[in-house]
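Listed below are the residues making up each chain.
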Amino acid sequence: MSKSGIQIESNGASAVERVVGIDLGTTNSLVAFMEGETPVVIPGEDGLNLVPSVVAIAENGEPVIGNAARKNLIETPERAVYSVKRLMGRGVEDVQDELRYFPFKLAESGLASLGGPLRIQLGDNTFTPPEISAFILRQLKRNAERYFGAPVTKTVITVPAYFNDAQRQATKDAGRIAGLEVLRLVNEPTAASLAYGLDKKRDGIVAVYDLGGGTFDISILKLHEGIFEVIATNGDTHLGGDDIDNLLIGIALDDIAGDMKVDLRRNGEAVQAIRKAVIDAKIALSSSDSTTIQVTLPGGQPYAREITRAQFETLIEPIVQRTAGPAKQALADAGLTPEQINEVVLVGGSTRIPRVRALVKELFKREPHSELNPDEVVALGAAVQANILSGGSKATQDMLLLDVTPLSLGIEALGGVVAKIIHRNSTIPASATEHFTTGVEGQTNVAIHVLQGERELAKDCRSLARFDLKGIPPMAAGMPRIEVKLLIDANGILNVTAREQRSGREAEIEVKPTYGLTDEQVESMIMDSFDHAEDDFRERQLIEARNEAENMLAALEKSKKNPAWAVLSADEKKRIDELEHKLADIKCPQHNATDYKAIQAATEALNKATTRLAELMMDSAVSSALHGQTMEGADEKMGQGPAAPHPIAPAEFSKR
Amino acid sequence: MATETNIRTGNSVATEGANLCWSCNAAVAANAHFCPNCGKVQPTTQIDYFEFFNLGGAPTRKLNIDLSALEREFYRLSRKLHPDVFARASAKEQLWSLEKSSQLNDAYRTLKDPIARTQYLLELEGVKLEEQSSDATHAARTSGEQKKQVVPPELLEEVFELNMQLQELRMNKEMGEDDPSIASDLQQAKHRFEKMMTEAMSELKTYWDEWDAVICTPGSSEAGRIKVRDKMVGLLNRRSYIRNLVRDVNEALGN
């Protein structure tokens, strides 16, 4: 450790603040930093390097994280959550598939669940995925602070290379909520290559195959005198060890239902016990030819099933094969043949499976490297990047990472077609400038829909955000010339600026992230100031309850404009109106409302009363999505001024 | 995204000649990325990709570029401009680093690719490559019409035959039949078109030489310049037409 004693003694803070690297994984999370010239993992209080990405909320409302929370998974599954990374930056309709296998309990399916970020029920409270991730990050922060004896406020966090904008933003939000300034998001395979590159320092083409708990990435890099230039990346953000576990759980459950006539599919505790047993079996099969899935069922009945490695490999083959497509695409995008790859590196716990290694060997026609612990290599690489960002050291002074954006960025044009403006595998930062105009005389707002993905039609791509350009001076249709600059920064996150060129006025931009938290929501969630103290805890509950009430009321107001509202009976509407007034009244700070439970109850009552409305809206939203329309018409958000349903017309395609 | 929206471009359009360094007040050339005196990064300017790499401004932009020198320069500038290097710098320097490194990446991506480079130069020369522009693509998709691409006359016969074969193959597929002779015909057509693509590439390179000669000859006529320019436009349109044919054949063959 560096010597900066006087500062430490005088104010308890180190003069040069250490920037740590964090691997926020689906299954496990780690924090690491550069000790001199070597990255090392910082162990937790229990002496272990890996912090399982499990969060539980104890009866007293206190969060429990990591190994300590694992027993909650089995004992109180309704108060625990794992693999929350799968939910980061996603909407309710995205996760229906996940819910079949994971014990994620979404907050009641009332109105509040539509549109906004999804919320997970843990005991009496609900949390967004970034908040749950923030619990894990804060645990890692504490581990690092205990290790250094000094505060840690800055970090580099790794994300799957194939994460989209919303998933990246959600990760950054999680950092902020945990009281960490996220200096950089680094792609996991690239981070791994930094860790490998540190001691190898050899030029050439490297492929990184990263199969973790929940995500798969493949990246192809060119190493040249310390520059790590990503040429192509591909992947699947929902493919990993979890899928293998779920497959085996499904088989065991069917087995038990068939042979023992016990249906445990809805029994959370039993499913978790089986989950643990199949994971043990999966791990055993990496080193032995056969093992037994063993678990004691509720009621004390034992279940045991022998499984050979050959059987296991046949079962998982379809899952393993799903990695081949992205790997081949990445090679094609890089314009390379497998023979041109000099080295292949394995990352992620699932690459311990022999069948996975065999596939990698087939794909790249060479023996892959796995000298560094595949569970730790990403965190070690994050520590290297953290060191580079804090000014570098002898070991890292020549190192520079040039990463790419994994997905093309586009804008919805007339007819629901996506005009791609930044192509996938473009080195970031990358930018594009587009020009827009109005379609109606005197129009003062223009709505722009930004998407990410490779498909041709907007409905098949990922909606990132809708931007309203406001305050355009009224002119004849087609006269305004609005320049919109889209810039993807080094984190892979989109930034937008706009300017009306004829008047020289900077157009005001209002961003509506499709699935994300607003700045205000993140602010209200920041944990640092609410750390622990009983009063603070109650205050936080109160603030959260008020926020929830406000979200609920806002959602209701919006829903009243939805055609579904007209379908409700007069009685239903009257009941909703009554409860709405009651909630609006009780949430005001002037009123008694020191009791968060009263606000929660009123919110809950209104939420229940609007369940049918939400269902109606969801049905119509889903059916219109199926019919190829976007979920929300742009016109709804146009505000005042003349508006056409599709006021967007790309005026000119220009590169500066 | 909500947290990242309002980065505003500094209104720092460079005037002709020299500027003063924002940090040390030394004179700085208009398109210099760094101050020659204190070495600090300078505000972002609206310059084209050739100027960014110091490869000459209008009207002396050459199309023959030393790609390995370009790559070296890209790496050198990346080391100096990348946001990683500015992680501890002031907010405005961070912003300029972000903008400049995005310019650098955009410029490198365009210039290193022979087709993108030629298209970009032609756009700078005021040509709108209708057939290839994304506008034209949208317009065609929106109206549901075939994109107005003029079939190069020398390809007319070939294209006619190809379309017949493609149609036959599709009909066979619908009927669940399989005629290996069509597939092999198409395979041959594909090879012919791919060969044409290669030929177009070498043809383009001869035009690059002509272009570079014209712009470097003092007193050469504007007419000569326009003649080469239009040859390149014609060639790129022809090439994009052939590329679409290759794509259609590949789709039909299920590649």
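Residues numbered from 1 in each chain as written. Chains lettered and ligands numbered in written order. Predicted model: local features only at pLDDT ≥ 70, side-chain atom pairs only at ≥ 80, totals over all residues. Heavy atoms only, no water.

Asks: What is the right way to read the overall build of chain A from this model?
Replies: Within chain A one finds 18 helices and 27 strands. Put simply, chain A has 656 residues, and 57% of those count as buried. Pairs at least 24 apart in sequence give 68% of the contacts found in chain A among residues at least 6 apart. Carbon and sulfur atoms form 51% of the exposed surface of chain A, whose accessible area is close to 26,300 Å². (Helix = DSSP H or I, 4+ residues; strand = E, 2+ residues; numbered from the N terminus. Buried < 20%, exposed > 50% of the residue type's maximum accessible area, 1.4 Å probe, protein only. Contact = heavy atoms within 4.5 Å. Areas by Shrake-Rupley, 256 points an atom, 1.4 Å probe, with all protein chains shown as cover.)

Asks: Any chance you could explain the overall build of chain B here in plain terms?
Replies: The number of helices and strands found in chain B is eight helices and two strands. For chain B, the succession of helices and strands along the chain, N to C, is β-β-α-α-α-α-α-α-α-α. Counting every position in chain B, which comprises 255 residues, the buried fraction comes to 45%. At a minimum sequence separation of 6, the contacts of chain B that also span at least 24 residues come to 61%. With an accessible surface of roughly 13,400 Å², chain B has 52% of that area assigned to carbon and sulfur atoms.

Asks: Sorry if this is basic, but what is going on with the pairing of strand S13 (residues 216-224) of chain A here?
Replies: For a regular strand, side-chain orientation follows a simple rule: the groups alternate between the two sheet faces. Residue and element names in this part refer to chain A. Counting buried residues along S13, seven of its nine residues qualify, which places the element largely inside the surrounding structure. Taken together, the eight bridges between strand S12 (residues 204-211) and S13 define a ladder with antiparallel strand orientation. Paired with Tyr-209 across the strands is Ile-218, a residue of S13. Between S12 and S13, which pair antiparallel and follow one another directly, the connecting turn spans four residues. Examined bridge by bridge, S13 and strand S14 (residues 227-236) share nine bridges and lie antiparallel to one another. Bridged to Phe-216 within S14 is Asp-236. Here S13 hands over to S14 after two residues, with Glu-225 in that stretch at a positive phi of 45°. (Pairing = 2+ DSSP bridges.)

Asks: Would you mind showing me how to read the pairing of strand S20 (residues 417-422) of chain A here?
Replies: All names here are of chain A. Burial analysis of S20 places five of its six residues in the buried class, which makes it a mostly covered element. Of the strand pairs in this sheet, strand S19 (residues 409-413) and S20 are connected by five bridges, and their pairing is antiparallel. Paired with Gly-410 across the two strands is Lys-420, which belongs to S20. Connecting S19 to the next strand, S20, in antiparallel fashion are three residues, including Gly-415 with a positive phi near 80°.

Asks: Just to check I follow, could you spell out the packing of aromatic side chains for this structure?
Replies: Pairs of aromatic rings are described using the distance from one ring centre to the other and the angle between the two planes. Applying the stated criterion across every chain, the model contains eleven aromatic pairs over all chains. Of the aromatic side chains, those joined through ring pairs into one cluster are Phe-33, Tyr-147 and Phe-148 of chain A. Arg-18 of chain A extends its terminal NZ or CZ atom over the ring of Phe-148 of chain A, reaching a point 4.5 Å from the ring centre. Here the guanidinium or amino end of Lys-80 of chain B rests over the ring plane of Phe-34 of chain B, the centre of that ring lying 4.3 Å away. (Phe/Tyr/Trp six-rings, centres within 6.5 Å; stacked < 30°, edge-to-face > 60°. Lys NZ or Arg CZ within 6 Å of the ring centre and 35° of its normal.)

Asks: Would you explain the environment of Thr-427 of chain A in this entry?
Replies: By secondary structure assignment, the location of Thr-427 of chain A is in the loop between S20 and strand S21 (430-437). On a C-alpha basis, the gap between Thr-427 of chain A and Val-230 of chain A in space is 7.6 Å, while along the polypeptide they are 197 residues apart. Among residues more than four places away in sequence, those in contact with Thr-427 of chain A are Leu-402, Asp-403 and Val-404 of chain A together with Asn-105 and Arg-109 of chain B.

Asks: Whenever I open this one, the sheet that holds strand S7 (residues 80-82) of chain A confuses me. Can you help?
Replies: Whenever strands of a sheet pair, they do so through backbone hydrogen bonds, lying parallel or antiparallel. All names here are of chain A. Ordered in space as S6-S5-S7, the three strands form an open sheet in which the pairing is antiparallel. Both edges of this open sheet fall to strand S6 (63-65) and S7, since each of them pairs with a single strand only. Averaged over all pairs of adjacent strands, the angle between their axes in this sheet comes to 20°, without regard to strand direction. The strands touched by helix H2 (residues 67-75) are strand S5 (54-57), S6 and S7; relative to S5, the strand with the most contacts, the crossing angle is about 70°. (Axes fitted to C-alpha atoms, helices over the stretch in contact; angles between N-to-C directions.)

Asks: Would you explain the nonpolar core in this entry?
Replies: One broad rule of soluble globular proteins: the nonpolar side chains tend to lie buried together. All names here are of chain A. Core analysis: the largest hydrophobic core is formed by 53 residues, its most contacted members being Val-20, Ile-22, Ile-132, Leu-137 and Phe-148. For this core, the leading source of residues is helix H4 (residues 129-148), giving eight residues. In terms of nonpolar packing, the next biggest core, distinct from the first, is built from 48 residues, Ile-244, Ile-249, Ile-307 and Val-356 among them. (Core = buried A, V, L, I, M, F, W, Y, C linked by side-chain atoms within 4.5 Å.)

Asks: Would you mind showing me how to read unusual backbone geometry here?
Replies: What is expected of a backbone is that most residues other than glycine have negative phi and most peptide bonds are trans. Residue and element names in this part refer to chain A. Residue Pro-429 follows Ile-428 across a cis peptide bond; omega there is 0°. Within the fold, Pro-429 resides in the loop between S20 and S21. A positive phi angle is found at Ser-83, which is not glycine, with a value near 50°. By secondary structure assignment, the location of Ser-83 is in the loop between S7 and helix H3 (96-101). One non-glycine residue, Lys-365, lies in the positive phi region at around 55°. Topologically, Lys-365 is positioned in the loop between helix H11 (354-364) and helix H12 (377-389). For Lys-365, a relative accessible area of 54% corresponds to the exposed category.

Asks: What am I meant to see in the pattern of salt bridges here?
Replies: Should the charged atoms of two oppositely charged side chains come close, the side chains can pair. Residues and elements named next belong to chain A. The full count for this structure, using the stated rule, is 36 salt bridges over all chains. A salt bridge links Glu-145 to Lys-141; the nearest nitrogen and oxygen atoms lie 3.2 Å apart. In this pair, Glu-145 and Lys-141 both sit in helix H4, four residues apart, roughly one turn of the helix. Exposure remark for Lys-141: the relative accessible area of 9% places this residue in the buried category. Close ionic contact of Lys-276 with Asp-280 constitutes a salt bridge, the shortest N to O distance being 3.6 Å. Here Lys-276 pairs with Asp-280, and both are found in helix H8 (residues 268-284), just four residues apart, close to one helical turn. (Salt bridge = Lys/Arg side-chain N within 4 Å of Asp/Glu carboxyl O.)

Asks: Help me understand H8 of chain A, please; the structure alone is not making it clear to me.
Replies: Every α-helix winds through 3.6 residues per turn, so residues three or four apart in the chain are directed the same way. Residue and element names in this part refer to chain A. Taking 1.5 Å of rise per residue, the 17 residues of H8 would be expected to cover 24 Å, and the 24 Å separating its terminal C-alpha atoms lies within 8% of that figure. Within H8, the full set of buried residues consists of Ala-270, Val-271, Gln-272, Ala-273, Ile-274, Arg-275, Ala-277, Val-278, Ala-281 and Lys-282. Buried residues belonging to H8 abut H2, S7, helix H7 (241-259), strand S15 (290-296) and helix H9 (309-321). Its side-chain oxygen 3.2 Å from the backbone nitrogen of Glu-269, Asn-267 forms the N-cap of H8. (Expected span 1.5 Å × (residues − 1). Polar contact = N/O pair within 3.5 Å; in protein donor to acceptor, adjacent residues only side chain to side chain.)

Asks: Is there a simple way to explain the packing of helix H6 (residues 156-175) of chain B against helix H8 (residues 222-253) of chain B in this structure?
Replies: A pair of packed helices is captured by two measures, namely the crossing angle of their axes and the spacing between those axes. All names here are of chain B. It is at 10 Å that the axes of H6 and H8 come closest, and there the two elements cross at 20°. In terms of axis orientation, H6 runs roughly parallel to H8. Where H6 crosses over H8, the handedness of that crossing is left-handed. Mapping the contact onto sequence places Val-159, Leu-162, Leu-166, Leu-169 and Lys-173 in H6 and Tyr-241, Leu-245, Asp-248, Val-249 and Ala-252 in H8. For the contact of H6 with H8, a count of residues per class yields eight nonpolar, no polar and two charged. (Parallel < 35°, antiparallel > 145°, perpendicular 65-115°, else oblique. Left-handed = near helix turned anticlockwise from the far one by under 90°. Nonpolar A, V, L, I, M, F, W, Y, C, P; charged D, E, K, R; others polar.)

Asks: Mind showing me how you'd approach the packing of helix H7 (residues 180-216) of chain B against H8 of chain B here?
Replies: Residue and element names in this part refer to chain B. Interhelical geometry of H7 versus H8 gives an angle of 160° and a closest axis separation of 9 Å. In this view, H7 runs roughly antiparallel relative to H8, as classed from their interaxial angle. Remark: the crossing between H7 and H8 carries left-handed chirality. Class assignment of the residues belonging to the contact of H7 with H8 gives a composition of 21 nonpolar, three polar and nine charged.

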